Number of protein chains: 2
Amino acid sequence: MEPTKNLTELARELWREMAEMRNSLRQYVHVKIKENNWDISMELVEILGLIYKRSGLNQQEIADIIVKDKSSMTYLIDNLVKKGLAERTEDQRDRRNKLIYITEKGKLLMEELTPWVTEIYEKATRELLTDDILNALSVARKMNENLKQ
Amino acid sequence: MEPTKNLTELARELWREMAEMRNSLRQYVHVKIKENNWDISMELVEILGLIYKRSGLNQQEIADIIVKDKSSMTYLIDNLVKKGLAERTEDQRDRRNKLIYITEKGKLLMEELTPWVTEIYEKATRELLTDDILNALSVARKMNENLKQ
DNA sequence: TTAAAACTGTTTGAATTCAAACTATTATTT
DNA sequence: AAATAATAGTTTGAATTCAAACAGTTTTAA
């Protein structure tokens, strides 16, 4: 299938394929959101899904988990708060932190969203083997590690 | 190592790891560019590298290869042209197309850039096996395919 | 041959990302 | 204890991405 290509060539292709995945997912999510007339973006769904599962994270922790820069985080959480989907609280133990909680409204929306978020990942992994994904994961981790050194 | 996690969980982690890779790469490139006082962005390097190797692609083809949307492409190529690194030509055979060529100035810059672009990919793939990357690649391709259906 | 559909590139305005500088708070060193 | 360094969050302006609507050109179909 794949003729003789060196590692760097393959890395480039992997890079490309990942970018394409990002786009496919965005497009897919976009259509779903439109179909259902939800007033939310893919970026906000990502955060909402996280704070739905894990209550009281601070912004930096959220940023680390979903891999965004902290100024984007300020901006995105501002939007969640404006939409009444999340709220910020001061951390009494460390007043540098803002702890983020999902609101009732946020929970309701997320409960509506959850089925098709799951569906997306199921769709993405269709006909794939656990071991292959595990392997891909370790490749990605290793490349990450390499780049950070 | 990885305990019992279902496919969708793994897919999420893969997604996360890919986002992190994207950031690591950006950061790495950013430092290099600053160190060398190059007046160019990561996005423009991506395009420049492509039109250095392949002359006379149109904008849509470039967009497809580096995975960007075509309006971003107009914007980015505008910038390349402004910097004197590329030029647009009308395609006589199909007047919808604009064919993109690298300029002499662009070539010179790209020749300076090439060594460390290669270096980045070498660094990223350090200690990785061809077969593992091939596997990761096919996972990414399959997920892409799944999402597009 | 004409009408419709598909394709390329541009424009627009909004959303998001990005780097950098900044404030406030906490942790570490001296 | 005071000085210093590290951390969390905000702000700023610029860069990039994004979706949508559009104009011009070519291809396809009627």
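Quick caveat: nothing in here was measured; it's all calculated off a predicted structure.

**A look at the pairing of strand 3 (residues 98–102) of chain A**
On a regular strand, one side chain projects to one face of the sheet and the next to the other, so that they alternate.
Residue and element names in this part refer to chain A.
Step number 1: Alignment of strand 1 (residues 57–58) against strand 3, held across two bridges, turns out to be antiparallel. Paired with L57 across the strands is I100, a residue of strand 3.
Step number 2: Sheet analysis places strand 2 (residues 86–90) next to strand 3, joined by five bridges and oriented antiparallel. Within strand 3, the residue paired with T89 across the bridge is L99.

**Focus: the UniProt feature "domain: HTH marR-type" (unreviewed entry) in chain A**
Step number 1: As recorded in UniProt, the feature "domain: HTH marR-type" (unreviewed entry) lies at residues 7–145 of chain A.
Step number 2: For residues 7–145 of chain A, helix accounts for 71% and strand for 9%, while the C-alpha atoms at its two ends are 17 Å apart.

**A short note on the relation of the copies chain B and chain A**
Each of the two chain copies can be brought onto the other by rotation about an axis and movement along it.
Step number 1: For the match of chain B to chain A, the screw axis carries a shift of 0.0 Å, the RMSD comes to 0.0 Å, and the turn is 180 degrees. The symmetry that links the two subunits is that of a two-fold axis. Across chain B, the smallest distance between a C-alpha and the rotation axis is recorded for A136(B), namely 2.1 Å.

**As for the pattern of salt bridges**
Step number 1: One pass over the structure, following the stated rule, counts 26 salt bridges over all chains.
Step number 2: Here D78(A) ties to R88(A) by a salt bridge, and the two come within 2.0 Å at their closest N and O atoms. Placement of the pair is D78(A) in helix 4 (residues 70–82) and R88(A) in strand 2, with a sequence separation of ten residues.
Step number 3: Judged by its relative accessible area of 28%, D78(A) falls in the partly exposed class.
Step number 4: Residue class for R88(A) comes out partly exposed when judged on its relative accessible area of 30%.
Step number 5: One continuous salt-bridge network, built from bridges that share partners, spans E13(A), R16(A), E17(A), E20(A), R141(B) and K148(B).

The rules behind each value
Residues numbered from 1 in each chain as written. Chains lettered and ligands numbered in written order. Predicted model: local features only at pLDDT ≥ 70, side-chain atom pairs only at ≥ 80, totals over all residues. Heavy atoms only, no water. Pairing = 2+ DSSP bridges. Helix = DSSP H or I, 4+ residues; strand = E, 2+ residues; numbered from the N terminus. UniProt positions renumbered as here; feature names shortened; annotations may be inferred. Least-squares fit on C-alpha atoms with pLDDT ≥ 70 in both. Salt bridge = Lys/Arg side-chain N within 4 Å of Asp/Glu carboxyl O. Buried < 20%, exposed > 50% of the residue type's maximum accessible area, 1.4 Å probe, protein only.

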